[in-house]
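Here is what each chain is made of, one letter per residue.
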Amino acid sequence: MGKNKKIPYSLIILLVVSATTLNFQSNKLLENEANEWLNKMADAVIEPGTTVETITTDIEQTIISPMGDITISGTSTINFVTGDQNAVLETPQGTVEVSIEDGAGVQKIGGREIPMNGAQLQQVKTEMERDYVHVALNKDSLDAEFLGMETINDTEYAKVKINFTVPATYYLDTETALPDMITFNQFNQQTGSEVEVQVKNSDWQTVSGVTYAFSIETFAAGEKAGSGTIKSLTVNE
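Numbers given for residues are sequential positions, taken from 1 along each chain in its written order. Two thresholds apply to this predicted model, a pLDDT of at least 70 for residue-level local features and 80 or more for giving and counting side-chain atom pairs, whereas whole-chain, interface and lining totals are computed over all residues. Think of the side-chain values as coming from all heavy atoms in the structure, minus any hydrogens and water.

## Overview of the overall build of the protein chain
Step number 1: Helix and strand definitions follow DSSP, with helices as H or I runs of at least four residues and strands as E runs of at least two, each counted in order from the N terminus. Scanning the protein chain for helices and strands turns up three helices and 13 strands.
Step number 2: In the protein chain, buried positions account for 35% of the 237 residues.
Step number 3: Within the protein chain, contacts between residues at least 6 apart in sequence are counted, and of these 38% link residues at least 24 apart.
Step number 4: Per-residue and other accessible areas follow the Shrake-Rupley method at a 1.4 Å probe size, with only the shown protein chains counted as cover for residues. For the protein chain, the accessible surface area stands at approximately 14,300 Å², while carbon and sulfur atoms represent 50% of it. Under the scheme applied here, a residue whose accessible area is under 20% of the maximum for its type counts as buried, over 50% as exposed, and between as partly exposed, the area being computed with a 1.4 Å probe on protein chains only. Only heavy atoms matter for contacts: two residues are in contact if any of them lie within 4.5 Å across the pair.

## Quick notes on the pattern of salt bridges
When the charged atoms of two side chains with opposite charge come close together, those side chains can pair.
Step number 1: Here a salt bridge means any side-chain nitrogen of Lys or Arg lying within 4 Å of a carboxyl oxygen belonging to Asp or Glu. This model, assessed by the stated rule, comprises five salt bridges.
Step number 2: Residues lysine 159 and glutamate 150 are paired through a salt bridge, measuring 3.0 Å at the closest nitrogen-oxygen approach.
Step number 3: Look at lysine 159 and you get buried, because its relative accessible area is 16%.
Step number 4: Its relative accessible area of 29% is what places glutamate 150 among the partly exposed residues.

## Concerning the packing of aromatic side chains
Step number 1: Pairing of aromatic rings covers Phe, Tyr and the six-membered ring of Trp, with a centre-to-centre limit of 6.5 Å; geometry is then stacked below 30 degrees between planes, edge-to-face above 60, and tilted otherwise. For the coordinates displayed, the defined rule picks out three aromatic pairs.
Step number 2: For the pair tyrosine 157 and tyrosine 171, a centre-to-centre distance of 6.3 Å together with 75 degrees between the ring planes defines the contact as edge-to-face. With a gap of 14 residues between them, tyrosine 157 in strand β8 (residues 155-162) and tyrosine 171 in strand β9 (residues 168-173) connect regions that are remote in the sequence. The exposure classification of tyrosine 157 matches that of tyrosine 171, with both residues buried.
Step number 3: One aromatic cluster is present, built from ring pairs that chain together Tyr132, Trp204 and Tyr212.
Step number 4: In this analysis the charged atom, NZ for Lys or CZ for Arg, is taken to sit over a ring once it is within 6 Å of the ring centre and within 35 degrees of the ring normal. Between the NZ or CZ atom of lysine 40 and the centre of the ring of tryptophan 37, over which it lies, the distance is 4.1 Å.
Step number 5: Positioned above the aromatic ring of phenylalanine 184 is the side chain of arginine 130, whose terminal nitrogen or guanidinium carbon lies 3.5 Å from the ring centre.

Right, dumping it as structure tokens:
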């Protein structure tokens, strides 16, 4: 009978070290690729040399619900430096004012002031966090992963995942570097489970050095959930 040959311990160590090194190098390359695409996106969204503090939008949006379509319109201002937000919205229930300052928020409805709870404030923070303007302004401090390329309807996209509190994946058009689509998971109270949400951006227009999507469509679990149209946009006003 033949004797089993033992692999030298030193060779085992060498193989483990080599595999670890290759894995580290691969991860580093993917990280570098993600950062390169984030830099391209940042320059596409905010022209180099442009200072952005606040963005105010006049928007009309439609929310698709089991009770029928709901139309909401109004203005919203986001301060990307402080995180403060203010909005005045016309809803089926009347005018709603939302104000968030220094981490606290209040809604004014029909003369009543209703403090926003922690879950509501966290949702607003999460939505601002994944805003592509916020990403462009904070690209150097983000934990990003390159997920490869994907072609959708004859357009090639670079996929970059950013590990926020709720991770989001950005589909960057390889020709424009603009985020034509953003995907993330969100808890659906009706089904009691998480669903994938797709936010599709189009009609890109440049105002005061900021390139912004003037048309937005939202899909949840593949079904259209809403849409929005930007009527006007101002920067730092």
